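Residue-level listing of the chains:
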Amino acid sequence: MEHREVLVLGGGPAGSTTAAFLAACGHDVLLLDKARFPRDKACSEYASPSSIHVLDALGVRRAYDAAGPMRLLGMDIISPGGSSFRVEYNEGGERRHALALSRDRLDPLLLDNARRLGVEVREGVRARRLLLEGGRACGAVVTGPDGREERIRAKLVVGADGLFSVVARDLGVRSEMRWPRRLGLVGHYEGAAPLAAHGEMHVQPHGYCGIAPLDGGLFSVGMALDMRRYRSSTRSREALFDEALRMFPLLSERLRGGRRIKPVSGVGPIARKVSRTQGDGWALVGDAAGFTDPFTGEGIYRALRGGELLADTASAALRAGDASASRLAPYVVARRDAFRYKALVVLAVQAFVSYPCLLEYVSPRMLERPAVRATLSSVLGDLTDARRALHPRFLLGVLRP
Ligand SMILES: Cc1cc2nc3c(=O)[nH]c(=O)nc-3n(C[C@H](O)[C@H](O)[C@H](O)COP(=O)(O)OP(=O)(O)OC[C@H]3O[C@@H](n4cnc5c(N)ncnc54)[C@H](O)[C@@H]3O)c2cc1C
């Protein structure tokens, strides 16, 4: 049986970031992913502006810039009635931009960086189940490309294995959220009417659809649709996507003349939560630690920043020779400080997306109130304390007639 110090399951942004930071601190890290990269991932692929700080800390900024990301200054939010307002990212009044790089490029770039820092990466290896001894995680049972089962022991197991995390499942900490319940579908287009520096988010009663420019002259078109309409559907993702697209007339018009270049990717229901993010010998990060909805576009940032926070705590715990729940507890506090208030803002935004009459009400008001828009934009971009968007003065600014 193989023995390692850290076993990271999942090589998306959360896993590769956690692994890279731990390896940079001198830890022995093995990372496994069931896929071979580049792999398919349902994602609209723009990362909120603060992601750049983690990319800097990882030392991948130059490689990232060389990959040619698009820079998005903001998003136009378009209500069912066609009224719209623009959120533009800013930090203390200075313009910032979100970054749009296809996951085909971003994820391998982050994984290569982890390798460069000393992480051993094995692709095509699937975690089947967690190894537990007396309630403590001590490794995983995995199968490689030849289908052979193998046990790998580790002092710390990191579950970075996404929405359907095997680690969270085996620990019994994962559940679906009752609300929102959406099916996510993403298509990639070329040759559609150009969008320059802003994406668009079109909201309709049954869901919303966003379009954003990507590297290589492509566009990602991502939808989140009311799951009740589609749960029992046996149609292909492409058929569901085309049918749903017809319900976004302005967007359909924009895509006229464009060509979808890849199969549609999808996942649902998207929203998951976990009751804990750490325990004896284990920790969860990225989507494996819970995810609500892509409308506010912070999943990649949370994966990157979560990886950075986990590596800080885990490195200290491993150096002390004790990856117990209590040694890993600072990770919970760090996550709470970093994500708790934004999570509340995300839920508040969900109310406006789920009940578009609310959006219809606030849309013209947002247009007239640049200060309120600026606060919302910087909170959505993870550029300021999210509590600013929960303050009664801000809420009054949004809602007053
Ligand atoms: C429709 C949709 C649109 C989105 N759009 C955006 C957006 O525009 N911007 C944004 O920031 N976020 C967006 N997100 C969210 C974003 O994609 C995720 O938050 C982000 O990918 C999380 O990264 P991760 O590393 O935690 O998980 P993932 O990127 O899902 O990586 C998990 C990895 O674990 C591997 N894995 C899974 N199970 C196993 C196993 N048993 N054994 C081994 N490996 C395993 C997978 O192969 C995968 O590589 C969107 C999500 C959806 C559903």
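These figures come from a predicted structure and were not determined experimentally.

Asks: Talk me through the packing of helix α9 (residues 299-319) against helix α10 (residues 325-354); I want residue IDs and the actual numbers.
Replies: Packing of α9 against α10 leaves a shortest axis separation of 8 Å and a crossing angle of 155 degrees. When the interaxial angle is binned, α9 and α10 end up roughly antiparallel. Along this stretch, α9 crosses α10, giving a crossing that reads as right-handed. Packed against α9, whose contacting residues are Tyr301, Arg302, Arg305, Gly306, Leu309, Leu310, Thr313, Ala314 and Ala317, the element α10 presents Arg327, Leu328, Pro330, Tyr331, Ala334, Arg335, Ala338 and Phe339 at the interface. Residue classes in the contact of α9 with α10 are distributed as 11 nonpolar, two polar and four charged.

Asks: How would you summarise the environment of proline 108 if you had to cite specific residues and measurements?
Replies: Here proline 108 is to be found in helix α4 (residues 103-116). Classification of proline 108 as buried rests on a relative accessible area of 18%. As a C-alpha pair, proline 108 and proline 38 span 70 residues in sequence and 6.1 Å in three-dimensional space. Look past the residues within four positions of proline 108 in its chain and what remains in contact with it is Phe37, Pro38 and Arg103.

Asks: So, the packing of aromatic side chains: which residues are in play, and what are the values?
Replies: Counted by the stated rule, this structure contains two aromatic pairs. Over the aromatic face of phenylalanine 339 sits the side chain of arginine 302, whose NZ or CZ is 4.7 Å from the ring centroid.

Asks: Before we move on, can you summarise helix α12 (residues 370-380) with the specific residues and values?
Replies: In terms of residue burial, α12 counts as a mostly covered element, since eight of its 11 residues are buried. For α12, the full list of buried residues reads Val372, Arg373, Thr375, Leu376, Ser377, Ser378, Val379 and Leu380. Taken together, the buried residues of α12 touch β6 (84-88), β7 (90-91), α10, α11 (356-368) and α13 (392-399). One or two residues past the end of α12 sits aspartate 382, with phi positive at roughly 60 degrees.

Asks: Go over the side chain of histidine 27 with me, naming the residues and quoting the values.
Replies: Looking at where histidine 27 falls in the secondary structure, it is placed in the loop between α1 (13-24) and β2 (29-33). In terms of polar contacts, histidine 27 uses its side chain to reach the side chain of glutamate 5, at 3.1 Å. Each residue touching histidine 27, except ones within four places of it in the same chain, is listed here: Glu5, Leu22, Ser315, Leu318 and Arg319.

Asks: I'd love a proper account of the sheet that holds strand β9 (residues 98-100), names of residues and values included.
Replies: Taken in spatial order, the three strands make up an open sheet running β3-β9-β4, and their pairing is antiparallel. On the outer flanks of this sheet lie β3 (46-47) and β4 (70-72), each paired with one strand and no other.

Asks: Can you lay out the pairing of β6 for me, pointing to particular residues and giving the numbers?
Replies: A regular strand places its side chains on the two faces of the sheet in alternate fashion. Because side chains alternate across β6, one face comprises the buried residues Phe85 and Val87, and the other comprises Ser84, Arg86 and Glu88, none of which is buried. For strand β5 (residues 74-78) and β6, the ladder comprises five bridges, and the chain directions are antiparallel. Each residue of the ladder has a partner; that of isoleucine 78, found in β6, is serine 84. The hairpin formed by β5 and β6 contains five residues between the paired strands, and glycine 82 there has a positive phi angle of roughly 100 degrees.

Asks: Please provide a residue-by-residue account of the site of the ligand, values included.
Replies: In the vicinity of the ligand there are 36 residues, among which Asp33, Tyr46, Arg103, Asp287 and Ile300 approach most closely. Breaking the shell around the ligand down by element, the ones donating at least two residues are α1, β11 (126-133), β15 (182-190) and α9. The element that contributes the greatest number of residues to the shell around the ligand is α9, accounting for three residues.

Conventions used here
- Residues numbered from 1 in each chain as written.
- Predicted model: local features only at pLDDT ≥ 70, side-chain atom pairs only at ≥ 80, totals over all residues.
- Heavy atoms only, no water.
- Axes fitted to C-alpha atoms, helices over the stretch in contact; angles between N-to-C directions.
- Helix = DSSP H or I, 4+ residues; strand = E, 2+ residues; numbered from the N terminus.
- Parallel < 35°, antiparallel > 145°, perpendicular 65-115°, else oblique.
- Left-handed = near helix turned anticlockwise from the far one by under 90°.
- Contact = heavy atoms within 4.5 Å.
- Nonpolar A, V, L, I, M, F, W, Y, C, P; charged D, E, K, R; others polar.
- Buried < 20%, exposed > 50% of the residue type's maximum accessible area, 1.4 Å probe, protein only.
- Phe/Tyr/Trp six-rings, centres within 6.5 Å; stacked < 30°, edge-to-face > 60°.
- Lys NZ or Arg CZ within 6 Å of the ring centre and 35° of its normal.
- Polar contact = N/O pair within 3.5 Å; in protein donor to acceptor, adjacent residues only side chain to side chain.
- Pairing = 2+ DSSP bridges.
- Near = heavy atom within 4 Å.

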